[in-house]
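Spelled out from the first residue to the last, the chains are:
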Amino acid sequence: MNPQSIFEYVKNNIDEEGRFTGEVLPDDPMPTVPRPLGAEDAYYYTTEVPPDIEGATQAVKLLKQHLAIPCLESKRRLYDHLCKIVVAGICDPFLEKFTADDLSPEAMELAEEYFYNCPHREPVKFSLLIFGLYGMANIKEKHPDLWQDLLTLARCEEFTFFFLYGCRITNYAPQEEIWQLLHCTNSWGKVYAINSANFNTPGKQQWLIENGYDITIEYPPLSVKMIIEGRLAEALQAEQIDYATYKGAGAILNNFLLLLNNFAPAVIEQNFNTTSIDLEQLLDNFLRHAKEYAASPEEILDIVALCIGLNTLVDTQNWYKLSANQCHTLIAACDKIIYQKDWQEEINATLITDEGVNYPLCDFAYELDIDIWQRLFSYFGEHPTEIQLLPYLLAFTGDERSKQVLDVVEKNIYQYLIDQNALLVPLRYLRNHPGEGIGIIIAALTSLYDWPRGIACMILDEWGSEHLTPALRHALHTAQGLSNHPVVNARIECLLTGKKYKVEDVVE
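This structure is a prediction, so every number in the text was calculated from the model and none was measured.

### Notes on the pattern of salt bridges
Opposite charge on two side chains permits pairing when their charged atoms draw close. Evaluation of the coordinates by the stated rule reveals 21 salt bridges. A salt bridge links glutamate 346 to lysine 341; the shortest N-O distance between them is 3.5 Å. Looking at glutamate 346, the relative accessible area reads 28%, which means it is partly exposed. Here lysine 341 falls in the partly exposed class, since its relative accessible area comes to 45%. A cluster of three or more residues bridged by salt bridges with shared partners is formed by Asp27, Asp41, Arg121, Glu122, Lys125 and Glu158.

Below, the structure is given as structure tokens:
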């Protein structure tokens, strides 16, 4: 068995708790653009992007050709095609054209070969579609070793969706295994597992409230299931609730407000059943409990977030779930908790300690417009690699504050080049400040990573050719020899030739 196969790699990187410990896969071990596991596939199922009909049609054609006359050449053509597409984009149209009636022993053999031996992730995902057509319940019953291996692969969040999608093809929802996945995932895999899980006991409902939003990505639509199936309204109606329930409820309600503020009411009505959700009652009861728990700046942040979400509803006149009067009443209740006392003294005492910067307190001060810039800047001057400070330092304007921050970054630029994310915040600031931070732009262009290089190119494109100095042109020529990404290559070429970048300029 190929030691570099995807399956073997995942299997060898599962810890004692059943969690996949890797951040990358062997087909892309050092990505020059961040590629969180499962994120690319999630794009197809969390946005309105259409499926890849052409890719699905070609996959069906090549698969049927191989099954009709199996040979190495037909297998290679199918494999090469799968490696060039995103399998998440072909799932639905593929299954419309290739059904269980098209299955044969050779199809299962091919799926097992891809599953166990492929060094590329997309053919492995494709194998799970074939297994799903065969029937995951059949595999569990007749091929228990393969079933356990499928579950092992699903612990890696690049493949959780495909395992569950394969189960769903035959309306199979193995709850014991789904709950295993719930406990060993924390990103897109956990989102899919929650959507597949049954929360039909008080214990499971409590778990959903307390742990559902313990995830590393933002996905507001999950809040609907958590409110309804977690029976959040019943939990909050209690005279008293424990701290874990309170914190979980805060995360759920803040995400529900994000849903309301980021999706049109028509889209919400079409995709999410929210008719049974009484948001005013939920927030009233939550704020009643907040009087007990929201006694420190760190705890009040949840209330600040609620207040921001409610104010956004007011600003956009979004009365889908709350009336204007209800919004203003709830905002007043939030403000009463937020401004229960003057927090300046506490912030002064605990903002920076021997243990470092208190970042939740930074968030709190920022939201309440309490000026902490000078103390943070002084600390940054002594700890220039503390890049977590940059969003706060560059958010406060006036007195050439941003220039002072950028000067510190440029002075210590070589300390920022080993981390592809280190320059992202300064670059985001420079996007709207043409001509500033040239040393930072040059460092991004000539870094080891295509992620900051691409952002720097985008910034220069938006700045306009009048800001393209000889030093920047020289850096772009250097970037040409470093870039490994077609989009970045196209952007560099356009900047050097004076053309306006267009998507069609990208050449794979």
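Back to the write-up after that little detour.
### Regarding the packing of helix H4 (residues 72–84) against helix H6 (residues 105–117)
H6 packs onto H4 with a crossing angle of 50° between their chain directions and a minimal axis gap of 13 Å. With respect to each other, H4 and H6 are oriented oblique. Pair H4 / H6 crosses with right-handed handedness. Contacts between H4 and H6 involve Lys75, Leu78, Tyr79 and Leu82 on the former and, on the latter, Leu110, Glu113 and Tyr114. The residue inventory of the contact of H4 with H6, partitioned by class, reads five nonpolar, no polar and two charged.

### Considerations on the packing of H6 against helix H9 (residues 144–154)
Where H6 contacts H9, the two axes come as close as 12 Å, and the packing angle between them is 45°. Here H9 runs oblique to H6, going by the angle between their axes. Handedness of the H6/H9 crossing: left-handed. Note on element contacts: H9 touches H6 through Asp145, Leu146, Asp149, Leu150 and Leu153, opposite Glu112, Phe115 and Tyr116. The residue makeup of the contact of H6 with H9, split by class, is five nonpolar, no polar and three charged.

Rules behind the numbers
Residues numbered from 1 in each chain as written. Predicted model: local features only at pLDDT ≥ 70, side-chain atom pairs only at ≥ 80, totals over all residues. Heavy atoms only, no water. Salt bridge = Lys/Arg side-chain N within 4 Å of Asp/Glu carboxyl O. Buried < 20%, exposed > 50% of the residue type's maximum accessible area, 1.4 Å probe, protein only. Axes fitted to C-alpha atoms, helices over the stretch in contact; angles between N-to-C directions. Helix = DSSP H or I, 4+ residues; strand = E, 2+ residues; numbered from the N terminus. Parallel < 35°, antiparallel > 145°, perpendicular 65-115°, else oblique. Left-handed = near helix turned anticlockwise from the far one by under 90°. Contact = heavy atoms within 4.5 Å. Nonpolar A, V, L, I, M, F, W, Y, C, P; charged D, E, K, R; others polar.

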